[in-house]
Amino acid sequence: MNNVIDFIQVNRERYLEELKALLAIPSISALPQHAGDVRKCAEWCGDEMRRVGLQNVRLIETPGNPVVYGDWLNAPGAPTILFYGHYDVQPVDPLNLWESPPFEATIRDGEIYARGAADDKGQVFMHLKAIEAFLKHGGLPLNIKLILEGEEEVGSENLDDFIRSHKDELKADVVVISDSAMFARGVPSICYGLRGLVYFQIDLRGSSTDLHSGSFGGALINPAFALSQLVAGMKDRSGRIKIPGFYDDVRPLEEEERKAWASLPFNEKNYRRDFGIPKVFGETGFTTLERTWARPTLEVNGLLSGFTGEGAKTVLPAVSMAKISMRLVPDQDPNKIADLFQKYVEDNAPKTVEVKVTRMHGGKPWITSYDNTFVQAAGRAIEQGFGKPPVFCREGGSIPVVSTFQEELGVPAVLFGVGLPDENAHAPNERLDLGNFHSGIVASAILYKEIGSMGQP
(Lines give C-alpha, C1' and ligand atoms only; values in the text may rest on other atoms or scores of the structure.)
Protein backbone atom coordinates (compact mmCIF):
# COMPACT_ATOMS: atom_id res chain seq x y z
CA MET A 1 0.00 0.00 0.00
CA ASN A 2 2.89 2.39 0.70
CA ASN A 3 4.00 2.36 -2.93
CA VAL A 4 0.46 3.27 -4.01
CA ILE A 5 0.34 6.23 -1.62
CA ASP A 6 3.83 7.32 -2.66
CA PHE A 7 2.80 7.24 -6.33
CA ILE A 8 -0.22 9.43 -5.54
CA GLN A 9 1.89 11.97 -3.66
CA VAL A 10 4.57 12.17 -6.36
CA ASN A 11 1.99 12.82 -9.11
CA ARG A 12 0.03 15.63 -7.47
CA GLU A 13 0.98 18.28 -10.04
CA ARG A 14 0.22 16.02 -12.98
CA TYR A 15 -3.23 15.31 -11.58
CA LEU A 16 -4.05 19.02 -11.57
CA GLU A 17 -3.10 19.48 -15.23
CA GLU A 18 -5.20 16.48 -16.21
CA LEU A 19 -8.14 17.70 -14.15
CA LYS A 20 -7.92 21.10 -15.85
CA ALA A 21 -8.37 19.37 -19.22
CA LEU A 22 -11.54 17.67 -17.99
CA LEU A 23 -12.90 20.89 -16.50
CA ALA A 24 -12.32 22.72 -19.78
CA ILE A 25 -15.11 20.76 -21.50
CA PRO A 26 -18.43 22.69 -21.17
CA SER A 27 -20.59 19.59 -20.71
CA ILE A 28 -23.78 21.48 -19.78
CA SER A 29 -26.55 18.92 -20.12
CA ALA A 30 -29.38 21.44 -19.68
CA LEU A 31 -28.51 23.42 -22.83
CA PRO A 32 -29.08 21.78 -26.25
CA GLN A 33 -26.31 23.86 -27.84
CA HIS A 34 -23.81 21.98 -25.66
CA ALA A 35 -24.90 18.49 -26.73
CA GLY A 36 -21.66 18.06 -28.65
CA ASP A 37 -19.64 19.09 -25.62
CA VAL A 38 -21.48 16.58 -23.45
CA ARG A 39 -20.55 13.78 -25.85
CA LYS A 40 -16.98 15.07 -26.08
CA CYS A 41 -16.76 14.86 -22.29
CA ALA A 42 -18.11 11.31 -22.30
CA GLU A 43 -15.45 10.35 -24.83
CA TRP A 44 -12.75 12.08 -22.76
CA CYS A 45 -13.81 10.09 -19.69
CA GLY A 46 -13.73 6.85 -21.67
CA ASP A 47 -10.24 7.63 -22.95
CA GLU A 48 -9.06 8.40 -19.42
CA MET A 49 -10.51 5.15 -18.11
CA ARG A 50 -8.55 3.25 -20.72
CA ARG A 51 -5.41 5.22 -19.98
CA VAL A 52 -5.46 4.41 -16.26
CA GLY A 53 -5.88 0.70 -17.07
CA LEU A 54 -9.58 -0.04 -16.81
CA GLN A 55 -11.01 -2.67 -19.13
CA ASN A 56 -14.17 -3.17 -21.20
CA VAL A 57 -14.52 0.61 -21.51
CA ARG A 58 -17.31 1.82 -23.76
CA LEU A 59 -20.01 4.42 -24.20
CA ILE A 60 -23.45 2.90 -23.77
CA GLU A 61 -26.13 4.87 -25.60
CA THR A 62 -29.38 5.91 -23.93
CA PRO A 63 -32.30 7.97 -25.29
CA GLY A 64 -30.35 10.94 -23.91
CA ASN A 65 -26.64 11.23 -23.20
CA PRO A 66 -24.39 8.15 -23.10
CA VAL A 67 -23.32 6.32 -19.96
CA VAL A 68 -19.57 5.69 -19.80
CA TYR A 69 -18.75 2.20 -18.49
CA GLY A 70 -15.46 0.57 -17.50
CA ASP A 71 -14.36 -2.18 -15.14
CA TRP A 72 -11.48 -4.17 -13.69
CA LEU A 73 -12.58 -7.62 -12.52
CA ASN A 74 -9.31 -9.44 -11.90
CA ALA A 75 -9.54 -9.98 -8.13
CA PRO A 76 -11.30 -13.34 -7.72
CA GLY A 77 -12.87 -13.84 -4.31
CA ALA A 78 -12.75 -10.13 -3.50
CA PRO A 79 -15.78 -7.83 -3.19
CA THR A 80 -16.95 -5.72 -6.12
CA ILE A 81 -17.51 -1.96 -5.96
CA LEU A 82 -19.85 -0.19 -8.35
CA PHE A 83 -18.71 3.44 -8.58
CA TYR A 84 -21.19 6.04 -9.84
CA GLY A 85 -20.53 9.64 -10.84
CA HIS A 86 -21.57 12.13 -13.49
CA TYR A 87 -19.69 14.09 -16.13
CA ASP A 88 -22.33 16.72 -16.93
CA VAL A 89 -22.39 20.12 -15.25
CA GLN A 90 -24.78 22.95 -14.46
CA PRO A 91 -25.16 26.07 -16.61
CA VAL A 92 -22.86 28.95 -15.64
CA ASP A 93 -25.30 31.87 -15.50
CA PRO A 94 -24.91 34.60 -14.43
CA LEU A 95 -21.59 34.68 -16.25
CA ASN A 96 -20.68 38.20 -15.07
CA LEU A 97 -20.38 36.99 -11.47
CA TRP A 98 -17.50 34.61 -12.28
CA GLU A 99 -14.12 35.95 -11.23
CA SER A 100 -12.41 33.77 -13.86
CA PRO A 101 -13.83 31.99 -16.93
CA PRO A 102 -15.90 28.97 -15.80
CA PHE A 103 -14.23 26.56 -18.20
CA GLU A 104 -10.68 27.80 -17.75
CA ALA A 105 -9.71 26.17 -14.47
CA THR A 106 -7.87 28.65 -12.27
CA ILE A 107 -6.05 27.98 -9.01
CA ARG A 108 -6.36 30.63 -6.30
CA ASP A 109 -5.57 30.31 -2.59
CA GLY A 110 -5.38 26.53 -2.66
CA GLU A 111 -8.64 26.01 -4.56
CA ILE A 112 -9.35 25.19 -8.19
CA TYR A 113 -12.14 27.32 -9.71
CA ALA A 114 -14.22 25.98 -12.60
CA ARG A 115 -17.70 24.70 -13.33
CA GLY A 116 -17.75 21.03 -12.33
CA ALA A 117 -14.74 21.28 -10.01
CA ALA A 118 -16.72 20.06 -7.00
CA ASP A 119 -19.85 18.76 -8.73
CA ASP A 120 -18.81 16.23 -9.90
CA LYS A 121 -15.77 16.10 -12.14
CA GLY A 122 -13.18 16.68 -9.42
CA GLN A 123 -14.67 13.99 -7.19
CA VAL A 124 -14.93 11.50 -10.06
CA PHE A 125 -11.37 12.23 -11.11
CA MET A 126 -9.92 11.45 -7.69
CA HIS A 127 -11.20 7.86 -8.01
CA LEU A 128 -9.68 7.51 -11.47
CA LYS A 129 -6.33 8.56 -9.99
CA ALA A 130 -6.64 6.11 -7.08
CA ILE A 131 -7.39 3.32 -9.56
CA GLU A 132 -4.43 4.34 -11.69
CA ALA A 133 -2.09 4.19 -8.67
CA PHE A 134 -3.10 0.60 -7.91
CA LEU A 135 -2.95 -0.56 -11.52
CA LYS A 136 0.57 0.87 -11.83
CA HIS A 137 1.58 -1.38 -8.92
CA GLY A 138 0.17 -4.80 -9.66
CA GLY A 139 -3.59 -4.45 -9.47
CA LEU A 140 -6.54 -3.46 -7.32
CA PRO A 141 -7.38 -5.28 -4.06
CA LEU A 142 -10.99 -5.67 -5.23
CA ASN A 143 -13.11 -5.67 -8.35
CA ILE A 144 -14.53 -2.40 -9.59
CA LYS A 145 -17.13 -1.26 -12.10
CA LEU A 146 -17.61 2.39 -13.02
CA ILE A 147 -20.57 4.15 -14.60
CA LEU A 148 -20.52 7.86 -15.36
CA GLU A 149 -23.73 9.45 -16.58
CA GLY A 150 -24.34 12.66 -18.48
CA GLU A 151 -27.80 13.70 -17.28
CA GLU A 152 -27.54 14.03 -13.50
CA GLU A 153 -27.95 17.80 -13.63
CA VAL A 154 -31.22 17.47 -15.57
CA GLY A 155 -32.84 14.81 -13.41
CA SER A 156 -31.22 11.54 -14.65
CA GLU A 157 -34.28 10.84 -16.76
CA ASN A 158 -32.80 7.77 -18.44
CA LEU A 159 -30.66 6.36 -15.64
CA ASP A 160 -33.25 4.21 -13.86
CA ASP A 161 -34.11 2.40 -17.09
CA PHE A 162 -30.40 1.97 -17.82
CA ILE A 163 -29.85 0.34 -14.42
CA ARG A 164 -32.87 -1.96 -14.81
CA SER A 165 -31.75 -3.08 -18.27
CA HIS A 166 -28.15 -3.72 -17.16
CA LYS A 167 -28.78 -5.37 -13.80
CA ASP A 168 -26.55 -8.36 -14.45
CA GLU A 169 -23.68 -6.25 -15.74
CA LEU A 170 -23.89 -3.90 -12.75
CA LYS A 171 -24.00 -6.55 -10.00
CA ALA A 172 -21.84 -5.52 -7.08
CA ASP A 173 -21.54 -5.70 -3.30
CA VAL A 174 -21.64 -1.95 -2.63
CA VAL A 175 -22.15 1.29 -4.54
CA VAL A 176 -19.67 4.12 -3.91
CA ILE A 177 -20.65 7.68 -4.84
CA SER A 178 -18.51 10.79 -4.47
CA ASP A 179 -20.95 13.62 -5.17
CA SER A 180 -21.52 15.10 -1.74
CA ALA A 181 -19.94 17.55 0.69
CA MET A 182 -18.10 17.22 3.97
CA PHE A 183 -19.81 18.69 7.02
CA ALA A 184 -17.47 21.70 7.08
CA ARG A 185 -13.95 22.76 6.23
CA GLY A 186 -11.56 20.62 8.27
CA VAL A 187 -14.40 18.28 9.31
CA PRO A 188 -14.41 15.18 7.07
CA SER A 189 -17.66 13.29 7.13
CA ILE A 190 -19.63 10.30 5.93
CA CYS A 191 -23.16 10.98 4.71
CA TYR A 192 -25.73 8.28 5.50
CA GLY A 193 -28.95 9.98 4.41
CA LEU A 194 -30.29 12.14 1.57
CA ARG A 195 -33.55 13.89 0.97
CA GLY A 196 -35.73 13.08 -2.01
CA LEU A 197 -37.18 15.54 -4.48
CA VAL A 198 -40.35 16.46 -6.35
CA TYR A 199 -40.25 19.38 -8.81
CA PHE A 200 -43.20 21.15 -10.44
CA GLN A 201 -44.00 24.06 -12.68
CA ILE A 202 -47.29 25.89 -12.24
CA ASP A 203 -48.65 28.05 -15.08
CA LEU A 204 -51.70 30.30 -14.71
CA ARG A 205 -53.37 32.16 -17.58
CA GLY A 206 -55.94 34.91 -17.11
CA SER A 207 -56.32 36.23 -20.67
CA SER A 208 -55.13 35.59 -24.20
CA THR A 209 -52.68 38.52 -24.12
CA ASP A 210 -51.24 41.13 -21.78
CA LEU A 211 -53.77 43.90 -21.20
CA HIS A 212 -53.77 47.61 -20.27
CA SER A 213 -54.13 47.75 -16.49
CA GLY A 214 -56.20 50.93 -16.70
CA SER A 215 -58.64 49.69 -19.30
CA PHE A 216 -58.99 46.17 -17.91
CA GLY A 217 -57.93 46.34 -14.26
CA GLY A 218 -60.82 45.24 -12.06
CA ALA A 219 -62.51 43.29 -14.85
CA LEU A 220 -60.49 40.07 -14.53
CA ILE A 221 -58.11 38.40 -12.16
CA ASN A 222 -54.42 39.22 -12.27
CA PRO A 223 -52.52 35.90 -12.70
CA ALA A 224 -49.54 37.32 -10.79
CA PHE A 225 -51.74 37.99 -7.74
CA ALA A 226 -53.52 34.66 -8.10
CA LEU A 227 -50.23 32.76 -8.21
CA SER A 228 -48.79 34.70 -5.28
CA GLN A 229 -51.83 33.93 -3.16
CA LEU A 230 -51.81 30.27 -4.19
CA VAL A 231 -48.15 29.77 -3.35
CA ALA A 232 -48.34 31.78 -0.12
CA GLY A 233 -51.17 29.54 1.06
CA MET A 234 -48.96 26.45 0.90
CA LYS A 235 -47.22 27.28 4.20
CA ASP A 236 -48.22 28.76 7.52
CA ARG A 237 -46.26 31.53 9.24
CA SER A 238 -44.03 29.03 11.05
CA GLY A 239 -42.95 27.39 7.80
CA ARG A 240 -45.11 24.27 8.16
CA ILE A 241 -46.50 23.01 4.85
CA LYS A 242 -50.32 23.10 4.68
CA ILE A 243 -50.89 20.55 1.91
CA PRO A 244 -53.21 17.91 3.45
CA GLY A 245 -51.40 14.60 4.05
CA PHE A 246 -47.95 16.02 3.33
CA TYR A 247 -46.43 14.89 6.64
CA ASP A 248 -48.26 11.56 6.98
CA ASP A 249 -45.24 9.37 6.18
CA VAL A 250 -42.39 11.46 7.58
CA ARG A 251 -40.05 9.29 9.67
CA PRO A 252 -39.48 10.95 13.05
CA LEU A 253 -35.96 11.76 14.15
CA GLU A 254 -34.52 9.39 16.74
CA GLU A 255 -33.49 11.06 19.99
CA GLU A 256 -30.02 9.52 19.69
CA GLU A 257 -29.64 11.09 16.27
CA ARG A 258 -30.71 14.51 17.51
CA LYS A 259 -28.14 14.32 20.31
CA ALA A 260 -25.40 13.32 17.87
CA TRP A 261 -26.19 16.24 15.57
CA ALA A 262 -26.30 18.67 18.47
CA SER A 263 -22.69 17.74 19.25
CA LEU A 264 -21.45 18.62 15.74
CA PRO A 265 -19.32 21.76 15.32
CA PHE A 266 -22.14 23.89 13.91
CA ASN A 267 -22.15 27.59 14.71
CA GLU A 268 -25.37 29.28 13.66
CA LYS A 269 -23.87 32.77 13.92
CA ASN A 270 -21.09 31.83 11.51
CA TYR A 271 -23.62 30.06 9.27
CA ARG A 272 -25.65 33.25 8.97
CA ARG A 273 -22.56 35.36 8.38
CA ASP A 274 -21.07 33.04 5.74
CA PHE A 275 -24.24 32.99 3.65
CA GLY A 276 -25.51 36.51 4.33
CA ILE A 277 -28.63 35.34 6.19
CA PRO A 278 -30.15 38.01 8.50
CA LYS A 279 -32.01 35.42 10.56
CA VAL A 280 -32.64 31.71 10.10
CA PHE A 281 -36.23 30.61 9.51
CA GLY A 282 -37.92 27.26 9.41
CA GLU A 283 -40.33 24.79 10.89
CA THR A 284 -40.90 25.39 14.59
CA GLY A 285 -39.46 22.83 17.00
CA PHE A 286 -36.40 21.84 14.97
CA THR A 287 -32.81 23.05 14.77
CA THR A 288 -31.26 24.33 11.55
CA LEU A 289 -29.46 21.04 10.93
CA GLU A 290 -32.61 19.04 11.63
CA ARG A 291 -34.61 21.22 9.22
CA THR A 292 -32.07 20.88 6.41
CA TRP A 293 -31.29 17.18 6.85
CA ALA A 294 -34.37 15.43 8.20
CA ARG A 295 -37.46 17.56 7.59
CA PRO A 296 -39.31 18.00 4.30
CA THR A 297 -39.55 21.37 2.58
CA LEU A 298 -41.50 23.23 -0.06
CA GLU A 299 -39.64 26.04 -1.81
CA VAL A 300 -40.24 28.49 -4.63
CA ASN A 301 -37.34 28.18 -7.07
CA GLY A 302 -38.55 30.76 -9.55
CA LEU A 303 -41.39 33.21 -10.26
CA LEU A 304 -42.17 34.99 -13.52
CA SER A 305 -44.95 37.31 -14.56
CA GLY A 306 -45.56 40.65 -16.20
CA PHE A 307 -43.11 43.46 -16.89
CA THR A 308 -39.70 43.14 -15.21
CA GLY A 309 -37.58 45.65 -17.11
CA GLU A 310 -36.45 49.12 -16.05
CA GLY A 311 -39.01 51.83 -15.53
CA ALA A 312 -42.78 51.41 -15.45
CA LYS A 313 -45.24 49.66 -17.71
CA THR A 314 -48.88 49.53 -16.65
CA VAL A 315 -49.59 46.04 -17.85
CA LEU A 316 -51.95 43.39 -16.59
CA PRO A 317 -50.02 40.16 -17.34
CA ALA A 318 -51.72 37.36 -19.21
CA VAL A 319 -49.74 34.60 -17.51
CA SER A 320 -47.73 33.78 -14.41
CA MET A 321 -45.38 30.92 -13.67
CA ALA A 322 -43.78 29.38 -10.59
CA LYS A 323 -41.26 26.59 -10.21
CA ILE A 324 -41.74 24.69 -6.95
CA SER A 325 -39.54 22.01 -5.41
CA MET A 326 -40.21 19.79 -2.42
CA ARG A 327 -37.42 17.99 -0.59
CA LEU A 328 -38.63 14.74 0.93
CA VAL A 329 -37.40 12.61 3.80
CA PRO A 330 -37.74 8.93 4.70
CA ASP A 331 -40.42 7.46 4.30
CA GLN A 332 -42.16 9.90 1.95
CA ASP A 333 -43.00 8.67 -1.54
CA PRO A 334 -42.43 11.16 -4.40
CA ASN A 335 -45.43 9.92 -6.38
CA LYS A 336 -47.77 10.27 -3.43
CA ILE A 337 -46.47 13.76 -2.61
CA ALA A 338 -46.76 14.76 -6.28
CA ASP A 339 -50.40 13.68 -6.32
CA LEU A 340 -51.11 15.60 -3.10
CA PHE A 341 -49.45 18.72 -4.47
CA GLN A 342 -51.27 18.59 -7.79
CA LYS A 343 -54.62 18.12 -6.02
CA TYR A 344 -53.88 21.08 -3.74
CA VAL A 345 -53.12 23.36 -6.70
CA GLU A 346 -56.19 22.26 -8.64
CA ASP A 347 -58.45 22.61 -5.58
CA ASN A 348 -57.13 26.03 -4.53
CA ALA A 349 -56.37 27.86 -7.77
CA PRO A 350 -59.16 30.34 -8.58
CA LYS A 351 -61.62 29.31 -11.27
CA THR A 352 -60.94 32.63 -13.02
CA VAL A 353 -57.64 31.37 -14.45
CA GLU A 354 -56.56 28.44 -16.57
CA VAL A 355 -54.24 26.17 -14.60
CA LYS A 356 -51.48 23.92 -15.90
CA VAL A 357 -49.46 21.80 -13.47
CA THR A 358 -46.35 20.08 -14.87
CA ARG A 359 -44.33 17.54 -12.94
CA MET A 360 -40.72 17.88 -14.02
CA HIS A 361 -38.54 15.39 -12.12
CA GLY A 362 -37.87 13.91 -8.72
CA GLY A 363 -36.43 11.08 -6.70
CA LYS A 364 -36.81 9.10 -3.52
CA PRO A 365 -35.12 9.88 -0.22
CA TRP A 366 -32.43 7.50 1.00
CA ILE A 367 -31.02 6.46 4.35
CA THR A 368 -28.74 3.71 5.59
CA SER A 369 -27.45 2.62 8.95
CA TYR A 370 -24.14 4.30 9.75
CA ASP A 371 -22.92 1.19 11.59
CA ASN A 372 -23.02 -1.06 8.49
CA THR A 373 -19.67 -2.56 7.52
CA PHE A 374 -19.19 -0.59 4.29
CA VAL A 375 -19.93 2.76 5.92
CA GLN A 376 -17.51 1.91 8.71
CA ALA A 377 -14.86 0.95 6.13
CA ALA A 378 -15.38 4.35 4.52
CA GLY A 379 -14.96 5.97 7.91
CA ARG A 380 -11.61 4.26 8.42
CA ALA A 381 -10.48 5.33 4.95
CA ILE A 382 -11.46 8.94 5.57
CA GLU A 383 -9.63 8.93 8.91
CA GLN A 384 -6.41 7.65 7.33
CA GLY A 385 -6.66 9.91 4.29
CA PHE A 386 -7.53 13.11 6.16
CA GLY A 387 -5.78 12.45 9.48
CA LYS A 388 -8.92 12.68 11.63
CA PRO A 389 -12.04 10.57 12.15
CA PRO A 390 -15.14 11.64 10.21
CA VAL A 391 -18.43 12.76 11.63
CA PHE A 392 -21.58 10.96 10.46
CA CYS A 393 -24.33 13.15 9.09
CA ARG A 394 -27.13 13.42 6.58
CA GLU A 395 -27.39 15.88 3.70
CA GLY A 396 -30.27 18.04 2.53
CA GLY A 397 -29.64 17.48 -1.16
CA SER A 398 -30.86 14.69 -3.40
CA ILE A 399 -29.13 11.98 -5.42
CA PRO A 400 -32.15 9.97 -6.67
CA VAL A 401 -30.07 7.15 -8.13
CA VAL A 402 -28.94 6.06 -4.65
CA SER A 403 -32.41 4.68 -3.91
CA THR A 404 -32.57 3.13 -7.37
CA PHE A 405 -29.34 1.22 -6.77
CA GLN A 406 -30.68 0.01 -3.44
CA GLU A 407 -34.02 -1.12 -4.89
CA GLU A 408 -32.92 -2.50 -8.26
CA LEU A 409 -29.54 -4.03 -7.36
CA GLY A 410 -30.19 -4.75 -3.68
CA VAL A 411 -26.87 -3.26 -2.56
CA PRO A 412 -25.97 -0.67 0.08
CA ALA A 413 -24.41 2.65 -0.84
CA VAL A 414 -21.53 4.66 0.59
CA LEU A 415 -21.40 8.42 0.00
CA PHE A 416 -17.74 9.35 -0.03
CA GLY A 417 -17.71 13.07 -0.78
CA VAL A 418 -14.95 15.62 -0.24
CA GLY A 419 -16.67 18.82 -1.36
CA LEU A 420 -17.43 21.69 1.00
CA PRO A 421 -20.81 23.34 1.62
CA ASP A 422 -19.53 26.74 0.49
CA GLU A 423 -17.95 25.68 -2.81
CA ASN A 424 -20.78 27.10 -4.97
CA ALA A 425 -21.60 23.82 -6.68
CA HIS A 426 -24.51 25.29 -8.69
CA ALA A 427 -23.45 28.92 -8.57
CA PRO A 428 -20.77 31.23 -9.99
CA ASN A 429 -17.19 30.63 -8.84
CA GLU A 430 -17.61 26.91 -8.18
CA ARG A 431 -14.40 25.54 -6.70
CA LEU A 432 -12.78 22.55 -5.03
CA ASP A 433 -10.29 22.66 -2.18
CA LEU A 434 -7.07 21.11 -3.47
CA GLY A 435 -6.09 19.74 -0.06
CA ASN A 436 -9.38 17.83 0.04
CA PHE A 437 -8.90 16.71 -3.56
CA HIS A 438 -5.46 15.24 -2.89
CA SER A 439 -6.50 13.72 0.45
CA GLY A 440 -9.56 12.33 -1.32
CA ILE A 441 -7.38 10.42 -3.78
CA VAL A 442 -5.45 8.87 -0.89
CA ALA A 443 -8.66 8.11 1.02
CA SER A 444 -10.22 6.52 -2.09
CA ALA A 445 -7.23 4.22 -2.45
CA ILE A 446 -7.46 3.25 1.22
CA LEU A 447 -11.20 2.65 0.82
CA TYR A 448 -10.45 0.07 -1.88
CA LYS A 449 -7.97 -1.62 0.43
CA GLU A 450 -10.42 -1.60 3.36
CA ILE A 451 -13.29 -3.08 1.35
CA GLY A 452 -11.00 -5.51 -0.43
CA SER A 453 -9.81 -6.87 2.89
CA MET A 454 -13.37 -7.83 3.85
CA GLY A 455 -13.39 -10.72 1.42
CA GLN A 456 -16.46 -11.83 -0.52
CA PRO A 457 -19.63 -10.97 1.49
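Residues numbered from 1 in each chain as written. Predicted model: local features only at pLDDT ≥ 70, side-chain atom pairs only at ≥ 80, totals over all residues. Heavy atoms only, no water.

1. Remarks on the overall build of the chain
Which entries qualify depends on this criterion: A run of H or I in DSSP becomes a helix once it reaches four residues, and a run of E becomes a strand once it reaches two; helices and strands are each numbered from the N terminus. Each radius of gyration is computed over the set of C-alpha atoms, and the globule rule expresses the reference value as 2.2 Å times the number of residues to the power 0.38. For each residue, the accessible area found with a 1.4 Å probe, counting protein chains only, is set against the maximum for its type, and the residue is called buried under 20%, exposed over 50%, and partly exposed in between. Note on contacts: a residue pair qualifies if any of its non-hydrogen atoms lie within 4.5 Å across the two residues. What sets the accessible areas is the Shrake-Rupley method with a 1.4 Å probe; for residues, cover comes only from the shown protein chains. Asp and Glu are treated as the negative residues and Lys and Arg as the positive ones, with His and the ends of the chain left uncounted. Charge positions are represented by NZ for Lys, CZ for Arg, CG for Asp and CD for Glu.
Within the chain one finds 14 helices and 18 strands. Computed over its C-alpha atoms, the radius of gyration of the chain comes to 24 Å, within 12% of the 23 Å expected for a compact globule of 457 residues. Projected onto the principal axes, the alpha-carbon positions of the chain cover approximately 80 × 50 × 45 Å. Burial statistics for the chain: of 457 residues in total, 54% are counted as buried. Considering only intrachain contacts with a sequence separation of at least 6, the fraction spanning at least 24 residues in the chain is 80%. Surface summary for the chain: the accessible area is close to 19,900 Å², and the carbon and sulfur share equals 50%. Taking the average place of the 47 positive charges on the side chains of the chain and the average place of its 61 negative ones, the gap between the two points comes to 3 Å.

2. Re helix α11 (residues 334–348)
Quick reminder of the rule: One less than the residue count of a helix, multiplied by 1.5 Å, gives the span that helix is expected to have. Taken from the helix axis, the directions to the C-beta atoms give the arc we talk about.
A rise of 1.5 Å per residue sets the reference length of α11, with its 15 residues, at 21 Å; its end C-alpha atoms lie 21 Å apart and thus fit the reference within 8%. By the burial criterion, the buried members of α11 are P334, I337, A338, F341, Y344 and V345. Summarising the axial view, the buried residues of α11 lie within an arc of 125°, below the 170-degree limit, and thus occupy one face. Within α11, the exposed residues directed more than 90 degrees away from the buried face are D339 and K343. Considering only its buried residues, α11 is in contact with β9 (196–205), α7 (223–232), β11 (297–305), β13 (319–328) and β14 (354–363).

3. Some points on the nonpolar core
Across soluble globular proteins, you tend to see nonpolar side chains buried next to one another. Our working definition: Here, the term nonpolar core denotes a set of buried Ala, Val, Leu, Ile, Met, Phe, Trp, Tyr and Cys residues that are joined through side-chain atoms within 4.5 Å.
If you look at the biggest cluster of nonpolar residues, it comprises 70 residues, and the most contacted ones within it are L54, I81, I131, I144, F416, F437 and Y448. The leading source of residues in this core is helix α14 (residues 434–452), at ten residues. Counting residues in each nonpolar core, the second largest holds 28 residues, with V198, L298, F341 and V353 among its members.

4. Brief notes about the sheet that holds β9
In a beta sheet, neighbouring strands pair by backbone hydrogen bonds and run either parallel or antiparallel. Rules: Pairing between strands is defined by DSSP: at least two bridges between the two strands are required. Throughout, an axis means a line fitted to C-alpha atoms (over the contacting stretch in the case of helices), and angles, computed between N-to-C directions, take values from 0 to 180 degrees.
On the basis of which strands lie adjacent, the open sheet formed by four strands has the order β11-β13-β9-β14 and antiparallel pairing. Where the open sheet ends on each side, the last strands, each with one partner, are β11 and β14. Between one strand axis and the next, the sheet turns through 15° on average, direction left out of account. Across ten bridges, β9 lies against β13 in antiparallel orientation. Paired with R205 across the bridge in β13 is V319.

5. What to know about unusual backbone geometry
Geometrically, the link from D93 to P94 is a cis peptide bond, its omega value of -5° lying close to zero. Within the fold, P94 resides in the loop between β3 (80–86) and β4 (106–108). A cis amide bond links P330 to the next residue, D331, at an omega of 10°. As for its placement among the helices and strands, D331 is situated in the loop between β13 and α11. The phi angle at N56 is positive, at roughly 55°, despite the residue not being glycine. As for its placement among the helices and strands, N56 is situated in strand β1 (residues 55–60). Given a relative accessible area of 48%, N56 falls into the partly exposed group. Phi is positive for S156, close to 50°, though the residue is something other than glycine. On the basis of relative accessibility, which here comes to 14%, the residue S156 falls in the buried class.

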